[in-house]
Amino acid sequence: MNCKEIHTDLIFYLSRELSAKKMEAIGRHLETCDDCRRFAEMMERQLQLIDQEKNPEVSPFFYTRLSARLDEKSEPTRSLLPSWAQVAAFSFVLLVAISSGIYIGKQTSEIYGQKPDNSLLLIDDFEVEPIETFLLNQP
Amino acid sequence: MSESELINGIQTGDKRAFRALVDNYQRMVVNTCFGIVHNQPDAEDLAQDVFLEVFRNSAQFRGDAKLSTWLYRIAVNRSLNHIRNNSRKKFWQSLEETFKGGRNASKEISDYRTDQAITEEQRRELLHQVIDKLPEKQRVAFTLNKYEDLSYQQIAEIMELSLASVESLIHRAKKSLQDQLYECYKKKCI
């Protein structure tokens, strides 16, 4: 067996899931190959961590906290729509409102025959009372 | 108190039955959540959510599966939702950091320093990273098998899959873990 073949099955060798023949072949290889043995040791150490960390000690106040939460009001009802759908729905409603506003505005101006007058009304004081007249009228 | 007595009690709002249920199953539920989220306070919060859901929706339990199977399913779903929400938060945080010109705080396996003695904490972090990189179904099957010591048959019932599918999921999960650890070994990350 070469190193590449060993690396394919090493994790199953460590959990003893291989046939007796394969187990023996890998075992023999590991006795002679330092690199594969070091990798096997590293992987074994990593997998052993699962056994060390599983079943963590549960807080003694677990039930007390749970009981307090149970006495609180029932969970707030969640929206039926996911957040992206809420945003899309809000945008759609906003767009409809703006379009309706523009449409209603146009309809109203047509009914009353009004056309928007964009021209500015200039107030020209000189036209009303030229400066000469003003000065002549001064006492 | 038998399983059916517990369920009947909870369905009628009996808090003593609920207490008995929590006492019987809290270790199992916390450990399942912990295997998926790798954080004890989060695992306990999620386990509390699981028991609250059981209490509030006990009428939905029809008894066609074991009580533990129902609890495992809720625990797994809650934990996966927690991870999905965290991933979304991390995505927005990393985006924010990118725009602010900050460095992405997420650690890649190759980031591990080689000039320092590797602490157990770093080894733990590596283990969690390689498990977290597994696809969801592989991660759930592997976690239930390794953290809860469940048989493939029990996992098949919880995940509502065939026995062959579970065998395949766990086989692929182990292969993937081995490949990731080998990459790390080659880079001398630990």
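What comes next concerns the included structure. (Residues numbered from 1 in each chain as written. Chains lettered and ligands numbered in written order. Predicted model: local features only at pLDDT ≥ 70, side-chain atom pairs only at ≥ 80, totals over all residues. Heavy atoms only, no water.)

## Some remarks on the side chain of Asn31 of chain B
Using the following cut-off: Put simply, DSSP H or I for four residues or longer makes a helix, DSSP E for two residues or longer makes a strand, and each gets a number counted from the N terminus. To sort residues, take the accessible area from a 1.4 Å probe on protein chains only and compare it with the maximum for the residue type: under 20% means buried, over 50% means exposed, and anything in between is partly exposed. Identification of polar contacts relies on pairs of N or O atoms within 3.5 Å, with a donor-acceptor requirement for protein atoms, meaning one able to donate a hydrogen and the other able to accept it, and with residues adjacent in sequence counted only if both atoms are side-chain atoms. Note on contacts: a residue pair qualifies if any of its non-hydrogen atoms lie within 4.5 Å across the two residues.
Structurally, Asn31 of chain B is set in helix α2 (residues 15–37). By relative accessible area, which is 0% here, Asn31 of chain B ends up buried. Only 2.8 Å separates the side chain of Asn31 of chain B from the backbone oxygen of Tyr147 of chain B, close enough to count as a polar contact. Beyond its immediate stretch of four places on either side in the chain, Asn31 of chain B contacts Lys54, Asn55 and Pro56 of chain A together with Tyr147 and Glu148 of chain B.

## Some words on the packing of helix α6 (residues 136–146) of chain B against helix α8 (residues 163–186) of chain B
Residues and elements named next belong to chain B. We count it as follows: Convention adopted: a line fitted to C-alpha atoms gives each axis, helices being fitted over their contacting stretch, and angles between N-to-C directions are expressed from 0 to 180 degrees. Any angle between 65 and 115 degrees counts as roughly perpendicular, while under 35 counts as roughly parallel, over 145 as roughly antiparallel, and the rest as oblique. Residue type decides the class: Asp, Glu, Lys and Arg count as charged, Ala, Val, Leu, Ile, Met, Phe, Trp, Tyr, Cys and Pro as nonpolar, and the leftover types, Gly among them, as polar.
Packing of α6 against α8 leaves a shortest axis separation of 8 Å and a crossing angle of 95°. The angle between the axes of α6 and α8 places the two elements in the roughly perpendicular class. Here Lys137, Gln138, Ala141, Phe142, Asn145 and Lys146 of α6 lie close against α8, whose contacting residues are Leu169, Ile170, Arg172, Ala173, Lys174, Ser176 and Leu177. Of the residues that constitute the contact of α6 with α8, the class distribution is six nonpolar, three polar and four charged.

## Some remarks on the environment of Glu17 of chain A
Relative to the elements of secondary structure, Glu17 of chain A occurs in the loop between α1 (3–14) and α2 (20–32). For Glu17 of chain A, a relative accessible area of 39% corresponds to the partly exposed category. In contact with Glu17 of chain A, other than residues within four places in its own chain, are Phe12 of chain A together with Tyr152 and Lys174 of chain B. Engagement of the side chain of Glu17 of chain A in a polar contact is seen with the side chain of Ser15 of chain A, the distance being 2.5 Å. A distance of 2.4 Å separates polar atoms of two side chains, one belonging to Glu17 of chain A and the other to Lys174 of chain B.

In short, shape yes, function no, at least from these values alone.
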